[in-house]
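Inside the fold
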Amino acid sequence: LAAPYPQYARRPIFSMSNLTITPNQVKSGEPVTISAIASNKGSEAGAYSVVLRINGMVENIIDLMLSPGASQATTFTIIKDAGGEYYSEVDGLSGLFIVIPPVPANFSVTNLVISPERAKQGEGIIISAMVTNNGELPGTYNAVLKLRGEVESTEEIDISPGESRKLAFKVAKTTPGFYNVELEGLTGRFVVEMEWQE
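The following paragraphs examine the structure supplied in this document. (Residues numbered from 1 in each chain as written. Predicted model: local features only at pLDDT ≥ 70, side-chain atom pairs only at ≥ 80, totals over all residues. Heavy atoms only, no water.)

**As for the packing of aromatic side chains**
Tallying each qualifying case throughout the model produces four aromatic pairs. Aromatic side chains F14 and Y48 sit 4.4 Å apart centroid to centroid with 15 degrees between the ring planes, which places their arrangement in the stacked category. Here F14 is found in strand β1 (residues 14-22), whereas its partner Y48 is found in strand β4 (residues 46-54), with 34 residues between them in sequence. Of the residues examined, F14 reaches a relative accessible area of 22% and is grouped as partly exposed. The class of Y48 is buried, set by a relative accessible area of 16%. Judged by centre distance (4.9 Å) and plane angle (55 degrees), the rings of F107 and Y141 are tilted. Residue F107 is found in strand β9 (residues 107-115), and its partner Y141 is found in strand β12 (residues 139-147); the two are separated by 34 residues along the sequence. Classification of F107 by relative accessible area gives partly exposed; the value is 26%. Over the ring of Y179 we find R148; its NZ or CZ atom is 3.8 Å from the centre of that ring. (Phe/Tyr/Trp six-rings, centres within 6.5 Å; stacked < 30°, edge-to-face > 60°. Helix = DSSP H or I, 4+ residues; strand = E, 2+ residues; numbered from the N terminus. Buried < 20%, exposed > 50% of the residue type's maximum accessible area, 1.4 Å probe, protein only. Lys NZ or Arg CZ within 6 Å of the ring centre and 35° of its normal.)

Right, here's the structure in full:
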C-alpha cells in the first residue's frame, strides 16, 4: 500500500510575507524597524533562518522554529548613522528606507554691543556678540574682530547644536579718533577721546 504522502513531501515549506519598514525615513542614529511574517506551509516542523540583507550585505539573522501551519512575525531593529538610501531584503521581499544625515554646524552672529562707545585713551572697551549654532552637530567657530579694517583679535569657541554663546573681546586704544568695528558681518564704531592736559 502506498503511503498517502511520499516521504520527501513531509517537510517544512517556509515562506515570507508582509515586509514592512517603519518609518521609511529617519534622521541619522534613529531606529528603523523591519518586520516580516514567516510561515511554515509544510507538513513538518522545522528550523528556519530569516536573513536580513541591507545593500546586499547580511545585516542580521533570526532563527525560528515553526510548527506546520504556523506563522511568526520577525522583527529587526536597525540603526544607521550614515545618510543615504538603504535597500533592505528579507528572502526575496524588498523595501527601502532613507537616512537623513545631520545638518552640519552652521553659525549666525547677532547682537553686536560696544561698551562704552566713547572711551578715554587706554580705557578698556568690551565688544561682544552672540554666536548661535543652527546645525545638528557641534562645531568650532572662529570669530575675527577687525578695527579700521585690520584684524585686531580672533577667538575660537566650541558650540553645541542649538546653543548660543556670548563672544567678548576687550580692546584698549591710546590713539584718539573714531574706530570702525567689524565682527563677522556686524558693524559699529567707538570713539577714543583725547585727554586734554591741564
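**Notes on the side chain of S35**
With respect to the element layout, S35 can be found in strand β3 (residues 31-40). With relative accessibility at 18%, the residue S35 sits in the buried group. Only 2.7 Å separates the side chain of S35 from the side chain of T20, close enough to count as a polar contact. Apart from residues no more than four positions distant in its own chain, S35 is found in contact with N18, L19, T20, T74 and T75. (Polar contact = N/O pair within 3.5 Å; in protein donor to acceptor, adjacent residues only side chain to side chain. Contact = heavy atoms within 4.5 Å.)

**Comments concerning the sheet that holds strand β15 (residues 177-183)**
The mixed open sheet is built from five strands, whose spatial order is β10-β16-β15-β12-β13. Among the strands making up the open sheet, the edge pair consists of β10 (118-120) and β13 (150-159). Between one strand and the next, the sheet's axes are offset by a mean angle of 25 degrees, whatever the strand orientation. Looking at chain direction, β12 and β13 are connected through nine bridges and run antiparallel. Looking at the pairing, Y141 lines up with I157 of β13. (Pairing = 2+ DSSP bridges. Axes fitted to C-alpha atoms, helices over the stretch in contact; angles between N-to-C directions.)

Take it as geometry only, folks, not as evidence of what the structure does.
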